[in-house]
Amino acid sequence: MKKLFHYSFFFILLIATNYGYGQENIVVNDSIDTKYREDQFYIGVNYNVLLNKPGDARTRGLSGGIHFGYLRDMPINKQRNVALALGLGLSFDEYGQTVFIGETLQDKSIYTVLDDDDVAYDRNRFSMSTIEIPFQLRWRSSTAETYKFWRIYAGVRLGYTYWYKAAFKQPGNNVNQTDISEFNRMRLGASFSFGYNTVNFYAHYAITPLFTGAVTTNGESVDMTPLKLGLIFYIL
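Each value, and the rule that gives it
- Each residue is numbered by its place in its chain's sequence as written, counting from 1.
- The model is predicted, so local features are restricted to residues of pLDDT at least 70 and side-chain atom pairs to those at 80 or more, both for listing and for counting; the totals for chains, interfaces and linings are taken over all residues.
- The side-chain numbers reported here are obtained from all heavy atoms of the structure, hydrogens and water having been left aside.
- The helix and strand labels rest on DSSP assignments: H or I over at least four residues marks a helix, E over at least two residues marks a strand, and numbering proceeds from the N terminus.
- In this scheme, a residue with accessible area under 20% of its type's maximum is buried, one over 50% is exposed, and one in between is partly exposed, where area comes from a 1.4 Å probe on protein chains only.
- Here a polar contact is recorded for every N or O atom pair within 3.5 Å, except that within protein the pair must consist of a potential hydrogen donor and a potential acceptor, and residues adjacent in sequence are included only if both atoms are side-chain atoms.
- Contacts between residues were defined by any pair of non-hydrogen atoms, one from each residue, lying within 4.5 Å.
- Pairing between strands requires that DSSP locate at least two bridges from one strand to the other.
- Put simply, two rings from Phe, Tyr or Trp (the six-membered ring, in Trp's case) pair if the centres are within 6.5 Å, and we call them stacked under 30 degrees between planes, edge-to-face over 60, tilted for the rest.
- Counted as over-ring charges are cases with an Arg CZ or a Lys NZ within 6 Å of the ring centre that also lie within 35 degrees of the ring normal.
- Salt bridges are identified by distance alone: a Lys or Arg side-chain nitrogen within 4 Å of an Asp or Glu carboxyl oxygen.

Caption draft 1: Representation of the side chain of Thr98 within the structure. Assignment of secondary structure puts Thr98 in the loop between strand S3 (82-97) and strand S4 (99-103). A relative accessible area of 1% places Thr98 in the buried class. Among the polar contacts listed, one links the side chain of Thr98 to the backbone nitrogen of Arg58, at a separation of 3.0 Å. Contacts of Thr98, omitting those with residues within four sequence positions, involve Asp56, Ala57, Arg58, Arg60, Thr112, Val113, Leu114, Tyr121 and Asn124.

Caption draft 2: The pairing of strand S2 (residues 59-75), seen in detail. Pairing of strand S1 (residues 41-51) with S2, which is carried by seven bridges, proceeds in the antiparallel orientation. Directly across from Ile43, in S2, lies its bridge partner Phe68. Hairpin connection between S2 and S3: a loop of six residues separates the two successive antiparallel strands, and Arg80 in this loop has a positive phi of roughly 65 degrees.

Caption draft 3: Examining the packing of aromatic side chains more closely. What the rule picks out here adds up to 14 aromatic pairs. With centroids separated by 5.6 Å and ring planes inclined at 35 degrees, the aromatic side chains of Tyr121 and Phe168 adopt a geometry described as tilted. Highlighted residues: Tyr121 in the loop between strand S5 (109-113) and strand S6 (123-140) and Phe168 in strand S7 (residues 150-170), separated in sequence by 47 residues. Its relative accessible area of 6% is what places Tyr121 among the buried residues. Measuring from centroid to centroid gives 5.6 Å for Phe126 and Phe211, while their planes differ by 70 degrees, and the two rings are edge-to-face. With Phe126 in strand S6 and Phe211 in the loop between strand S10 (199-206) and strand S11 (225-235), the pair connects residues that are 85 residues apart, well separated along the chain. By the burial criterion, Phe126 is buried, and Phe211 matches it. Each residue in the set Tyr111, Phe126, Tyr164, Phe183 and Phe211 is aromatic and connected to the rest through ring pairs, giving one cluster. One cation-aromatic arrangement involves Arg60 over Tyr121; the distance from NZ or CZ to the ring centre is 4.1 Å.

Caption draft 4: Region of interest: the pattern of salt bridges. This model, assessed by the stated rule, comprises six salt bridges. With a shortest N-O distance of 2.9 Å, Arg140 and Asp73 are connected by a salt bridge. Of the two residues, Arg140 sits in strand S6 while Asp73 sits in strand S2, which places them 67 residues apart along the sequence. Taking relative accessible area as the criterion, Arg140 reaches 0% and is therefore assigned buried. Where Arg157 meets Glu132, a salt bridge forms, and the shortest distance between an N and an O atom there is 2.9 Å.

Honestly, it's all geometry; don't read function into it.
Right, dumping it as structure tokens:
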């Protein structure tokens, strides 16, 4: 997964550089497309923050993700600078943190906040892959002849997590959980992006927490809610 993040950063940087260079050299011909659409494909990277962590739980290790997909741009005014967009995408996220997820002999989930002073371990990470349906309301300063413009996009994302894993690793002991009854496979979140030309900032707040009804061994609720912050790149 670390290699995937590194390759994604390099890929996005390469596209952004080439795309920005190409925009400088575009020559507008005599035929102007008055029915143009904007920003059909997207790819982004983000840093993941877990809110509402129980007790003394904290972030530890790699916490990031990538997301990409296609959006159908549908302008709703004559100037075509206001639009709706509906699409389909994928996201891959990892959350390095100190909440251990295991299970009893009766297949009941266990949630324990780890203390680095008491427990020596190499990794404790929650990973997930989600198919998403994003919906956006879009405003931009573009025209049929403008190739650099401001944009503000806001919307929601409905998703389904088709794969997830809680992985714990320490010398002589590996624990992997892929069947957690409290985990919410259905995902709903609010997203927002803004920027100019190739640089766009991105934020996504999960309305649905990762777990429902989960309680630590100390009796604290595990209502961890992801917040994603990063960069997103849009492509025609």
